[in-house]
Every structure is written in C-alpha cells, then in structure tokens.
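# Observations on chain architecture
Each chain, letter by letter, is given below.
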Amino acid sequence: VKENTTQFPPKLVQLLDGFKASKALFVSSKLKIFDLLKEKGAMTSVDVANQVKASTCGTERLLDACAALGLLDKTHQGYSNADLANLYLVSDSESSLHDFILHCNDRLWPLYTHLELAVKEGTSQNHCTFGKKGEDLFQDFYYQNTEMKQRFMSAMHSIAKVTARDVASAFDLSQFRTVCDLGGCTGALAYELTEIYPEMKVTVFDLPAVITNAPSFRPSRQNTAQVSLSSGDFFKDNLPEAELYILSRVLHDWCEEKIHTLLSKLSAVCKPGSALLVAETVLDEKQIRPVRAVLQSLTMTEGKQRSGSEYQQLLEKHGFTSVQIKITGNLIDVILSFKEVSTH
Ligand code: SAM
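Since the structure is predicted, the reported quantities are computational estimates derived from the model, not experimental observations. One numbering rule holds for all chains: residues counted from 1, following each sequence as written. With pLDDT at 70 or above as the cut-off, local features in this predicted model cover only qualifying residues; side-chain atom pairs require 80 or more to be listed or tallied, and sums for whole chains, interfaces and linings still use all residues. Where side-chain values are given, they derive from all heavy atoms of the structure, hydrogens and water being excluded.

### Digging into the domain arrangement of the protein
We apply this condition: Where each domain starts and ends follows an automatic or database-derived domain assignment.
We note that the domain assignment places domain 1 (10-89) and domain 2 (158-339) within the protein. For domain 1 and domain 2, the distance between their C-alpha centroids amounts to 36 Å.

### Here we look at the pattern of salt bridges
Where side chains of opposite charge bring their charged atoms close, a pairing between them can arise. So the rule is basically this: Definition used for salt bridges: Asp or Glu carboxyl oxygen within 4 Å of a side-chain nitrogen of Lys or Arg. Runs of H or I in DSSP of at least four residues are treated as helices and runs of E of at least two as strands, each being numbered from the N terminus.
Following the criterion strictly, the structure yields 13 salt bridges and no others. The partner of Lys 30 in a salt bridge is Asp 106, and the shortest N-O contact between them spans 2.9 Å. In this pair, Lys 30 sits in helix H1 (residues 10-30) while Asp 106 sits in helix H6 (residues 98-113), placing the two residues 76 residues apart along the sequence. Sharing partners across several salt bridges, the network here consists of Lys 30, Asp 106, Glu 147 and Arg 151.

### A look at the site of the ligand
This is how the line gets drawn: Think of it this way: one heavy atom of a residue within 4 Å of a molecule or strand is enough to make that residue near it. The definition of a polar contact used here is a pair of N or O atoms within 3.5 Å, where within protein one atom must be able to donate a hydrogen and the other to accept one, and adjacent residues in sequence count solely through side-chain atom pairs. A 1.4 Å probe and the Shrake-Rupley method give the accessible areas. Residues count as covered only by the protein chains that appear here.
In the region of the ligand, 17 residues are neighbours, and Tyr 143, Gly 183, Asp 206, Phe 234 and Ser 248 sit closest. Within the side chain of Asp 233, one N or O atom sits 2.9 Å away from a nitrogen atom of the ligand. At 2.9 Å from an oxygen atom of the ligand is found a side-chain nitrogen or oxygen belonging to Arg 249. When the free accessible area of the ligand is taken as 590 Å², the share hidden by the protein chains comes to 96%.

### Here we look at the sheet that holds strand S5 (residues 227-231)
Backbone hydrogen bonds hold the strands of a sheet together, and the pairing may be parallel or antiparallel. For the record, the criterion: Two strands pair under a simple rule: DSSP has to find at least two bridges between them. Only the contacting stretch of a helix is used when fitting its axis, a line to C-alpha atoms as for every element, and angles between N-to-C directions run 0 to 180 degrees.
One open sheet holds the 7 strands; their spatial order is S5-S4-S3-S6-S7-S11-S10, and the pairing between them is mixed. The open sheet has two edge strands, S5 and strand S10 (320-326), and neither has a second partner. Averaged over neighbouring strand pairs, the angle between their axes works out to 20 degrees when direction is ignored. Summarising the sheet, strand S3 (residues 178-182) and strand S6 (residues 244-248) pair through 4 bridges and their orientation is parallel. In the strand pairing of S6, Cys 180 is matched with Tyr 245.

### A short note on the packing of aromatic side chains
Note the threshold: By convention, a stacked pair of Phe, Tyr or Trp rings (six-membered ring in the case of Trp) has centres within 6.5 Å and planes under 30 degrees apart, an edge-to-face pair has planes over 60 apart, and any other such pair is tilted. Classification of residues uses two cut-offs on accessible area relative to the type maximum, computed with a 1.4 Å probe and protein chains only: under 20% is buried, over 50% is exposed, and between them is partly exposed. Charges are assigned to positions over rings by a cutoff of 6 Å between ring centre and Lys NZ or Arg CZ, combined with an angular limit of 35 degrees from the ring normal.
Tallied over the full model, the rule gives 12 aromatic pairs. When the ring of Phe 138 is compared with that of Trp 254, the centres are 5.9 Å apart and the planes differ by 35 degrees; the resulting orientation is tilted. Of this pair, Phe 138 sits in helix H9 (residues 137-142) while Trp 254 is found in the loop between S6 and helix H13 (256-269), placing the two residues 116 residues apart along the sequence. No difference in accessibility class separates Phe 138 from Trp 254, as the two residues are buried. Counting every residue linked through ring pairs, the aromatic cluster contains Phe 130, Phe 138, Phe 141, Tyr 142, Tyr 143, Phe 152, Phe 234, Phe 235 and Trp 254. Directly above the ring of Phe 235 sits Lys 258, whose terminal nitrogen or CZ lies 4.6 Å from the centroid. Over the ring of Phe 171 we find Lys 326; its NZ or CZ atom is 5.3 Å from the centre of that ring.

### Some points on helix H11 (residues 188-196)
Because an α-helix packs 3.6 residues into every turn, residues spaced three or four apart end up facing the same way. So the rule is basically this: Residue contacts are defined here by distance: any two heavy atoms, one from each residue, within 4.5 Å place the two residues in contact.
Burial analysis of H11 places 7 of its 9 residues in the buried class, the great majority of the element. Taken residue by residue, H11 has Ala 188, Leu 189, Ala 190, Tyr 191, Glu 192, Leu 193 and Thr 194 as its buried positions. Along its buried surface, H11 packs onto helix H10 (146-168), S3, strand S4 (201-206), S5 and S6.

Structural data, given as structure tokens:
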C-alpha cells in the first residue's frame, strides 16, 4: 500500500509530541494540580495559578494541555479533574500513581536525556544523572539519602498497589503457608496475598534501609499480623525459610552473574515441592512487545527484560521446573515454577 505522503504521519506526530505530553503530566503532578482540583472542584486558571504559586499564563497553558490530553475537563466554570485524574493522579487515592509519576520525572527523565551517550557507550548513565559513580543501583543511588529512598519506595508502592491483585491471583497459591517476598520493598504484594489467602504467612525481605521504612506503608484496614519484615542482603545473607519464594521486579535489574548467585542460592534453600514465583513483564518471543518493557530496557542497566522462553530456560537451569507463565494483561506478568524433585 502506497503511503499518503501529503499528510504528516499521525504515528510520528504522536512520537514527536510524546515527550511534551509526558512532561505536562509530570509538572502538573509535581505542582499537585490534580489534588487541588479534587479538593476544590472546578477552578479558573487564575485561581489555580495563585494556589500553586505559578504564573497565570503558564498555568493556563498547562491546564489547557492537560485538558487536551484528557486529564482535565474544561467548561465555562473552569477546569476540573477527569475521572482518570481522580482515580490515578491525585496523591491520596487508593490507586494513586502520583509517586511513580514523580519518580519518572525526577529519575527517569534525566536518565533518558542521556540516551544517546548510553547507546554509544552501552552503559547506563546513572553517574551523569545522579552525579556519582556506583555499582549497585539501590545502595549507591536510590538509597543514598532518606528523601530519595522514601520517594523510590513510594514509587514502587504505587505500581505494586495497582498490580498486586493480578500478581497475587494469577495462580492458586493456597497450598503455600509460608512465603518470602525477596526484595519485597514496602510489602504491598505481601498484604495483598494475605487478603486473598487468610492462612498464609508472608515475610518481606529487603535491605535494612528499606525495612526500617516499610512500616509506614502498612495498610491500616488489614490484619497485618500475617506479614513480617526481615532485613538482609539477598546476595550475601541467609534467606528466611519458606515454601514459596517471590522475586517481583527483581531479576530484570541484575547482570547474569548476580542472577546466577541469587537463583543458585534459592535453589539450594528450596525443598523439593516448594516453589518460586517470578513477577516481571514478559516479552514476546520477538522481544518487541510490550512496548513499555522494550523502552524500559533503554535505561541500559546491567539487567535485561526477558521473553517467556528465556525465563523458562533461566529457571530450569537453576533446578526450577514445571514452569507456567501467566500474561495478566496488567503491567506485570507472573511465572510460577517448582523446585525439581531430585531423582538421586
Ligand atoms: N518487589 C517490589 C515490587 O515489585 O514492587 C520492589 C521491586 S524494586 C524494583 C527491587 C527491590 O529489591 C527493592 O525493594 C530493593 O530494595 C530490593 N533489593 C535490591 N537489592 C537487594 C539486596 N541485595 N537484598 C535485598 N533486597 C534488595
């Protein structure tokens, strides 16, 4: 089919404007415009500008951009939140993505401005973005001060809150009474698991700096006695005993050597019949879908995104068999495997 070259291709228009739209969302979130409109209802641009202490002309353009993007409604009474904004963009809703949006603005945006260099050198540009060299993304960068740590944990928590239900219910896990979520961060998945499985006890295992902060993310409404927190380094320290281990959004961060260390260790502590649940975005076999995972790879960390068959191979190499993969339709997919029963 011959392309109509007298029209600017819509797909390219979208790509050319994509970064402007992202930044409009980020800045509106940073200025807490969605929180303000939720609290006050419809407002004029002048009133919003006064409240957020920004220029009237700049605020008006930003509000119009948000209305154009479907984040705000614009009527003769002024601007108000669209349903999407009330659900996901205000900072205090159950499914708020506010902290993840700030993480995208403060951490990922600067990282992606160095993409050209990252591609040329084949390495992550964390040192350009964070102003120092380091080997461990978490201990050397994200947790270098309390404010950054809090923001990173909040960002992880906001993604986990909107994915945990699908991850926790992808397979029937009722046979497992003791579970350990390695790199479990704020415990969002652990609390979701205990909602679904009232008999389950879940240990959230993470670095000491994270575990110190984790209690502030504990949900108030729930029976939290089923969840315990344990601190340590999963590469170096002994792991808590469990019938089911979870690695949620952990494997994609690390190089092959570190993954080998971690999975060998897990394989050694797992008794036959116990299991490993990996939660990651699973790539298609061509490695080009879903787009968001392919774009995420451009952070150029030492880790990588994998397809279903690559996860299967990796797990089988470390003695985990009967691999089942569930594409959830949410941001994160789930892979369940069982520790091989030794035939010796
Ligand atoms: N599992 C959570 C989720 O799915 O939302 C958090 C994923 S986050 C990308 C990776 C987690 O691994 C962080 O909470 C981080 O602190 C933890 N982590 C990194 N290195 C670790 C280590 N050496 N030992 C234990 N946890 C570690």
